[in-house]
Amino acid sequence: MSTATVKKNRESTLKGARWWTEVGWRHIVAILMIIYCLVPLLYVLSVSLNPGATLTGSNNLFSKLSFENFTALGSGQYSAYWSWVLNSLIVSTTTAVGTVLMGAAAAYAFSRFRFKGRRATLTGLLLVQMFPQMLAFVALYLLLLGIQDIFPVLGLNSKLGLICVYLGGALGSNTFLLYGFFNSIPRSLDEAAMIDGATHAQTFWTIIMPLVRPVLAVVGLLSFISSLGDFVIAKVVLQDQGQFTLAVGMYMWAADARTAPWGIFAAGSVIAAVPVILLFQYLQKYIVSGLTAGGVKE
């Protein structure tokens, strides 16, 4: 074997080792993460297509294929399912839209205006977010119980009351996320608009809001997903079965693990994931730029 051939083989070995060191291990990690994420999803989908399935008897994926579990939703003892879906969509959509509007308005004020107590308020919002919402469950319950006597529409067992709780809990973190993005927009745009005679409202709606659409999409999507899947707060606020969201209602089916209709439960979970998937696909062009935004220091 010639010296040139030996040298070439050695270079290819070094290149291969370098590729595994710098790039190859990332492919392995990515494949493992994909498997880790897909196996539970495939399991739930298999259970939803298996009539009369149990958690222990559904280890053979897709051994039976039937849509009986899906057709059972909305009939008989599961007739409330679609009303729960509607309640969840109403609460999640309203919360997402309200979170975007409130967070954008607050972030615009903190970013563009200079007023007394501005930094103290920002710091206060940040400190409040450090405490989990579970610490406020008793206070929220008593507050809504007291409001119920005066404004029943905002009290316990009210979707509007639940929406208000969600909006208040998400305001701080979303304001900080939007605040960083607003700071990345040049103030010269505001000044040019004001020279042309635009008011603050016109500047906000016609110039600033279109420029911050990526981060608005991210905030709206995260708010929609968190409120759609929330169980604990919704369980505290909602008490009537007709007002239940999907997470609270489906919990009733799985309260007793021995007799729970796991096939129907899985079918309901698959349907509940459809709005999130569709919304994510619609907003995905904004996701990457929105998630990387907000890192600009004032």
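Cut-offs used in this document
Residues numbered from 1 in each chain as written. Predicted model: local features only at pLDDT ≥ 70, side-chain atom pairs only at ≥ 80, totals over all residues. Heavy atoms only, no water. Helix = DSSP H or I, 4+ residues; strand = E, 2+ residues; numbered from the N terminus. Buried < 20%, exposed > 50% of the residue type's maximum accessible area, 1.4 Å probe, protein only. Areas by Shrake-Rupley, 256 points an atom, 1.4 Å probe, with all protein chains shown as cover. UniProt positions renumbered as here; feature names shortened; annotations may be inferred. Salt bridge = Lys/Arg side-chain N within 4 Å of Asp/Glu carboxyl O. Phe/Tyr/Trp six-rings, centres within 6.5 Å; stacked < 30°, edge-to-face > 60°. Polar contact = N/O pair within 3.5 Å; in protein donor to acceptor, adjacent residues only side chain to side chain. Contact = heavy atoms within 4.5 Å. Axes fitted to C-alpha atoms, helices over the stretch in contact; angles between N-to-C directions. Parallel < 35°, antiparallel > 145°, perpendicular 65-115°, else oblique. Nonpolar A, V, L, I, M, F, W, Y, C, P; charged D, E, K, R; others polar.

**Here we look at the overall build of the chain**
Regarding its fold elements, the chain presents 12 helices and zero strands. Ordering the α and β elements of the chain from the N terminus gives α-α-α-α-α-α-α-α-α-α-α-α. Buried residues in the chain amount to 34% of all 298 residues. Accessible surface, the chain: about 17600 Å² in total, of which carbon and sulfur atoms supply 69%.

**Description of the environment of Ile225**
Within the fold, Ile225 resides in helix α9 (residues 213-229). Look at Ile225 and you get partly exposed, because its relative accessible area is 35%. Distance in space between the C-alpha atoms of Ile225 and Pro275 is 9.4 Å, their sequence separation being 50 residues.

**Some remarks on the UniProt feature "transmembrane region" (unreviewed entry) in the chain**
What UniProt calls "transmembrane region" (unreviewed entry) maps, in this numbering, to residues 28-49, 84-110, 122-148, 160-182, 203-225 and 260-280. Between the first and last C-alpha atoms of residues 28-49 the distance is 31 Å; the span itself is 95% helix and 0% strand. For residues 84-110, the helix share is 100%, the strand share is 0%, and the end-to-end C-alpha distance is 38 Å.

**Notes on the pattern of salt bridges**
Applying the stated rule across the entire model yields one salt bridge. Asp190 serves as the salt-bridge partner of Arg112, at 2.9 Å between the closest nitrogen and oxygen. Of this pair, Arg112 sits in helix α3 (residues 81-112) while Asp190 sits in helix α7 (residues 187-195); the two residues are 78 residues apart in sequence, bridging distant segments of the chain. We classify Asp190 as buried; its relative accessible area is 5%.

**Topic: the environment of Cys164**
Examined against the element boundaries, Cys164 turns out to sit in helix α6 (residues 159-183). Along the backbone, Cys164 and Leu154 are 10 residues apart, and their C-alpha atoms lie at a distance of 8.1 Å.

**Description of the packing of aromatic side chains**
The geometry of an aromatic ring pair is captured by the separation of the ring centres together with the interplanar angle, meaning the angle of the planes. Evaluation of the coordinates by the stated rule reveals 12 aromatic pairs. Taking 5.7 Å as the distance between ring centres and 75° as the angle between the ring planes, the aromatic pair formed by Tyr108 and Phe113 counts as edge-to-face. The exposure class assigned to Tyr108 is buried, which follows from its relative accessible area of 5%. Residue class for Phe113 comes out partly exposed when judged on its relative accessible area of 29%. Between Phe231 and Tyr251, the ring centres sit 4.8 Å apart and the planes meet at 45°, which makes this aromatic pair tilted. One end of the pair, Phe231, is in the loop between α9 and α10 (232-237); the other, Tyr251, is in helix α11 (residues 246-253), and 20 residues separate them in sequence. Owing to a relative accessible area of 27%, Phe231 belongs among the partly exposed residues under this scheme. Feature note: the residues Tyr78, Tyr81, Trp82, Trp84 and Trp253 constitute an aromatic cluster, connected by ring pairs.

**Side note on the side chain of Asn69**
Within the secondary structure, Asn69 is located in helix α2 (residues 68-72). Under the relative-accessibility criterion, Asn69 is labelled buried at 6%. Reaching out from Asn69, the side chain makes a polar contact with the backbone oxygen of Asn50 at a distance of 3.1 Å. Ignoring anything within four residues of it in the chain, the contact list for Asn69 reads Val47, Ser48, Leu49, Asn50, Pro51, Gly52, Gly263, Ile264 and Ala267.

**A word on the packing of helix α8 (residues 200-211) against α9**
Between α8 and α9, whose axes approach to 5 Å, the crossing angle comes to 70°. On the basis of the axis angle, α8 is roughly perpendicular to α9. In this structure, α8 uses Met209, Pro210 and Leu211 to contact α9, whose residues at the interface are Arg213, Pro214 and Leu216. Looking at the contact of α8 with α9 residue by residue, the classes come out as five nonpolar, no polar and one charged.

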